[in-house]
Amino acid sequence: MAVNQIKISPYFHPWYYEYYLQGIHEFYGQDFTVQFCFEERFLAFREQFNTSYSKDFFYYEVHQQDRPVKKVLISADDMLQVNEAWYNEVDVYAKVNINNDLLNRFPKLFPIGPNFGIRHLSRWKYYLLSWQIWRATGSKNPYWSAFHNLSLKRLFFSDYRQLKATPKPTLQTQKPFVFYLNYPWQKHKALTQARKEIIEVFQRMAAKQLINFEGGFSRRRLGPFKGLEKWSASRLYSLRQYLTKVHQSSFVFNTPAVHGCLGWKLGEYFALGKAVISTPYDRVIPAAMLEDLVITVPADNAFLQHEIEQILENTSGELAQKAAKAQEYFEAYLAPKKVIERIHLQKSGRV
């Protein structure tokens, strides 16, 4: 049996956690055996399937020669919640969405910053994992549908690398090209309203010939969402088409997503090395303040257009500086391999 092993619980929501599975294979793959484990403690997470934590865990253990076993739990859901039983049990409770209040209550929390959904497992490897779950438990993989309906739509991490390296087309205009596409959440009306006002700002700026604007609210195949036709994109975009437009955009605009979380767009923007203009967050990110990496503007949309116009008039190269910082920060802290490396180096904080 291999001395150095990474044992991973087979229960995890692939939509959220293939990102970290990628990092585990990149960081440990040469010196460790990486495998899913079906011992009872790795299967105990089935108790959470019908709770608010059903999407909030990815558990693995680091078994390394002459060192104590290191227990790690990664929490990537949107909400500010901590499972205290897990918190007390694991050595590292690594979490995407943390604010200072939560960190003061649970000082062992380890901020890992924004991520985004990628594919790592092939269809056949996920089928094999699901069969192994059935053989070990007699039950269906509870995330089978999520893999087929959600994860298979995502791109591999290498696709982001390739896109980042692709030269942008030379536009036949001096006006900045701005691409902004967002989803109109029915259950989160305040968020949808804020996004509508941002779209209106870009529409007005385009009317004034200040920018070339493309996007709006994303559409369904049957057309725009009812009541949002005026603010909706004129076409459908695949994920690859969406990311290509983001890559071409002169800057990107970002706001906190559902529950005020660090949305996937922020992670994708950093991965693509974009200059980000953002409204404020109350989330903690590793080794930096978000304001150091983005241009922060007030959340008050009454002043938003003026703020953006002032940024575009600035000749100091601030957008280019922020783009470079975002890319450097992603490579140092947020790339899948780097997240797992930072967790590996984190000292045990078990209470």
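What you are looking at is a predicted structure, and each value in this text was computed from that prediction instead of being measured.

**A short note on the sheet that holds strand S3 (residues 58-63)**
- Pairing in this open sheet of six strands is mixed, and the strands run S2-S1-S3-S4-S5-S6 from one edge to the other. Only two strands of the sheet have a single neighbouring strand rather than two, namely strand S2 (33-36) and strand S6 (109-111). Shown here is a sheet whose adjacent strand axes are inclined to one another by a mean of 25°, direction ignored.
- Pairing geometry for S3 and strand S4 (residues 70-75), over five bridges, is antiparallel. The partner of Tyr-60 across the bridge, within S4, is Val-72.
- Against the sheet, helix H1 (residues 14-28) contacts strand S1 (5-8), S2, S3 and S4, and its axis sits at roughly 15° relative to S3.
- In this fold helix H14 (residues 336-345) packs onto S3, S4, strand S5 (92-95) and S6, with an angle of close to 135° to the strand it touches most, S4.

**Description of the pairing of S5**
- A two-sided burial pattern is seen for S5, the buried positions comprising Val-92 and Ala-94 on one face and Tyr-93 and Lys-95 on the other.
- Taking the sense of rotation as the criterion, the β-α-β connection linking S4, helix H3 (residues 84-89) and S5 turns out right-handed.
- The parallel pair S5 and S6, bridged by helix H4 (residues 100-105), forms a crossover whose chirality is right-handed.

**What about H1?**
- Taking 1.5 Å as the rise per residue, H1 with 15 residues should run 21 Å; its terminal C-alpha atoms sit 20 Å apart, in good agreement.
- Counting buried positions along H1 yields 12 of 15 residues, so the element is predominantly enclosed.
- What H1 keeps buried is the set Pro-14, Trp-15, Tyr-16, Tyr-17, Glu-18, Tyr-19, Tyr-20, Leu-21, Gln-22, Gly-23, Ile-24 and Tyr-28.

**Details of the environment of Ser-278**
- The residue Ser-278 is located in strand S10 (residues 276-278) in this model.
- Given the relative accessible area of 0%, Ser-278 is considered buried.
- On a C-alpha basis, the gap between Ser-278 and Ile-295 in space is 6.1 Å, while along the polypeptide they are 17 residues apart.
- Not counting residues within four places of it along the chain, the set of residues in contact with Ser-278 comprises Asn-254, Val-294, Ile-295, Thr-296 and Val-297.
- Among the polar contacts listed, one links the side chain of Ser-278 to the backbone oxygen of Asn-254, at a separation of 3.3 Å.

The rules we used
Residues numbered from 1 in each chain as written. Predicted model: local features only at pLDDT ≥ 70, side-chain atom pairs only at ≥ 80, totals over all residues. Heavy atoms only, no water. Pairing = 2+ DSSP bridges. Helix = DSSP H or I, 4+ residues; strand = E, 2+ residues; numbered from the N terminus. Axes fitted to C-alpha atoms, helices over the stretch in contact; angles between N-to-C directions. Contact = heavy atoms within 4.5 Å. Buried < 20%, exposed > 50% of the residue type's maximum accessible area, 1.4 Å probe, protein only. Right-handed = clockwise from strand over helix to strand, strands pointing away. Expected span 1.5 Å × (residues − 1). Polar contact = N/O pair within 3.5 Å; in protein donor to acceptor, adjacent residues only side chain to side chain.

The quantities given are spatial measurements derived from coordinates; they are silent on function.
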